[in-house]
Amino acid sequence: QVRFVESGGDFVQSGGSLRISCVASGFTFSGSFLDWYRQRPGKDREFVALIRPGTGITAYADSVKGRFTISGDAAKNTLYLQMNDLKPDDTAMYYCNRRPVALWGQGTQVTVSS
């Protein structure tokens, strides 16, 4: 079975931090771009961050640049998103994805209060 499983979402106060994780099964990171997307209430799913494991290639949406950091552990087939200085507008379901062949997880909910 080829899939992502996201975890680590939680309730957090504005200004707080979270690290969410995504464990990949059925494939390895090599040869893929991996990214995080999110869907905020009432909005379309949007790009958050991208990484090419084993290279220096990363990219971030302007809305999270300077606050979020994407990373991966190839040995554990795990993708991470460190989120700092969280804002209420960051409240969303966060999803893993793979490029060029899409593979969506079920998502993990991040809720930022106040």
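Read on for an overview of the structure. (Residues numbered from 1 in each chain as written. Predicted model: local features only at pLDDT ≥ 70, side-chain atom pairs only at ≥ 80, totals over all residues. Heavy atoms only, no water.)

## Things to note about the pattern of salt bridges
Tallying each qualifying case throughout the model produces 6 salt bridges. Salt-bridge contacts for Glu46 lead to Arg38; the nearest nitrogen and oxygen are separated by 3.5 Å. (Salt bridge = Lys/Arg side-chain N within 4 Å of Asp/Glu carboxyl O.)

## Regarding the pairing of strand β4 (residues 33-39)
In terms of residue burial, β4 counts as a mostly covered element, since 5 of its 7 residues are buried. Where β4 meets strand β9 (residues 92-99), 7 bridges bridge the pair, whose relative direction is antiparallel. What sits directly across from Tyr37, in β9, is Tyr95. In terms of strand pairing, β4 meets strand β5 (residues 45-51) through 6 bridges, oriented antiparallel. The residue bridging Trp36 from the neighbouring strand is Ala49, located in β5. Hairpin connection, β4 to β5: the antiparallel pair is bridged by 5 residues, and Gly42 has positive phi, about 75°. (Buried < 20%, exposed > 50% of the residue type's maximum accessible area, 1.4 Å probe, protein only. Helix = DSSP H or I, 4+ residues; strand = E, 2+ residues; numbered from the N terminus. Pairing = 2+ DSSP bridges.)

## Observations regarding the packing of aromatic side chains
One pass over the structure, following the stated rule, counts 4 aromatic pairs. Taken together, a centroid distance of 5.2 Å and an interplanar angle of 80° make the contact between Tyr37 and Trp104 edge-to-face. Remark: Trp104 occurs in the loop between β9 and β10 (108-113) and Tyr37 occurs in strand β4; sequence separation between them is 67 residues. Grouping aromatic residues by their ring pairs yields a cluster made of Tyr37, Phe47, Tyr95 and Trp104. If you follow Arg45 out to its NZ or CZ, it ends over the ring of Tyr95, 3.8 Å from the centre. Just above the ring of Phe27 sits the side chain of Arg98; from NZ or CZ to the centre is 4.6 Å. (Phe/Tyr/Trp six-rings, centres within 6.5 Å; stacked < 30°, edge-to-face > 60°. Lys NZ or Arg CZ within 6 Å of the ring centre and 35° of its normal.)

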